[in-house]
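# Observations on chain architecture
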Amino acid sequence: MNEKEKNNLPEEEVEVYLLSDEEGNEHEFILLGTCEKNGTEYYAFAPAEDYESEDAECGYVILKSVVENGETSLVSVEDDDEFDDIADYFDDILFDEIDYDAEEKNDK
């Protein structure tokens, strides 16, 4: 798999994006990181209000870049296997988590 890593931005270089949900409501998100796998660009975003609050547990959203009719959009990852693969990647990069399942497979 081809992987390109562009995350781990210095804390002072926070990128804020205004994204619209399915109902047209706009929300501010912080870009946590990006990666490219199999020719598709993926983005990890945290809601700005969660990211800035010390009390809130910071979850994140994964979106992928698609081009339709010459326009690039960010959309949800619908395929469960694709989502799990990308989520594992971002978890490892963003939170330094160890994938114990992968280690068990490698030990066998």
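Higher on the page you've got the structure.
Below: a short report on this structure. Everything quoted here is computed from the prediction, not taken from an experiment. (Residues numbered from 1 in each chain as written. Predicted model: local features only at pLDDT ≥ 70, side-chain atom pairs only at ≥ 80, totals over all residues. Heavy atoms only, no water.)

### A few points about the pairing of strand β5 (residues 61-68)
- Here strand β4 (residues 40-47) pairs with β5 via four bridges, running antiparallel. Pairing of Y42 across the sheet is with K64, part of β5.
- Taken together, the six bridges between β5 and strand β6 (residues 71-76) define a ladder with antiparallel strand orientation. Its bridge partner lying in β6, K64 is registered against V75. (Pairing = 2+ DSSP bridges. Helix = DSSP H or I, 4+ residues; strand = E, 2+ residues; numbered from the N terminus.)

### Brief notes about the nonpolar core
- Ranked by size, the top nonpolar core spans twelve residues in total: L32, C35, Y42, A44, A46, I62, V77, I86, A87, Y89, F90 and I93.
- At five residues, helix α2 (residues 80-95) tops the list of elements feeding residues into this core.
- With residues near it in sequence (within four places) discarded, I62 still touches Y42, Y43, S76, V77, F83, I86, A87 and F90.
- If you look at the next biggest cluster of nonpolar residues, it comprises five residues, including L19, F29, L31 and L63. (Core = buried A, V, L, I, M, F, W, Y, C linked by side-chain atoms within 4.5 Å. Buried < 20%, exposed > 50% of the residue type's maximum accessible area, 1.4 Å probe, protein only. Contact = heavy atoms within 4.5 Å.)

### Things to note about a negative patch on the surface
- Taken together, the side chains of D79, D80, D81, D84 and D88 define an acidic patch exposed on the protein surface.
- Residue D84 is classed as partly exposed on the basis of its relative accessible area of 41%. (Patch = residues over 30% accessible without salt bridge, like charges linked within 9 Å, V, L, I, M, F, W, Y side chains within 5 Å. Areas by Shrake-Rupley, 256 points an atom, 1.4 Å probe, with all protein chains shown as cover. Salt bridge = Lys/Arg side-chain N within 4 Å of Asp/Glu carboxyl O. Lys, Arg positive; Asp, Glu negative; His and termini not counted. Charge placed at Lys NZ, Arg CZ, Asp CG, Glu CD.)

### Digging into the packing of aromatic side chains
- A complete count under the given rule lists five aromatic pairs for this structure.
- Ring centres 6.3 Å apart and planes at 75° place the aromatic pair F29 and F45 in the edge-to-face group. Here F45 lies in strand β4 and F29 lies in strand β3 (residues 26-37), a separation of 16 residues in the sequence.
- Assessed through its relative accessible area of 13%, F29 is described here as buried.
- Among the residues examined, F45 registers a relative accessible area of 0% and is labelled buried.
- On the basis of an interplanar angle of 75° and a centroid distance of 6.4 Å, the ring pair of Y60 and F90 is categorised as edge-to-face. Here Y60 is found in the loop between α1 (48-52) and β5, whereas its partner F90 is found in helix α2, with 30 residues between them in sequence.
- Ring-pair connections join several aromatic residues into one group, and the members of that group are Y17, F29, Y43 and F45. (Phe/Tyr/Trp six-rings, centres within 6.5 Å; stacked < 30°, edge-to-face > 60°.)

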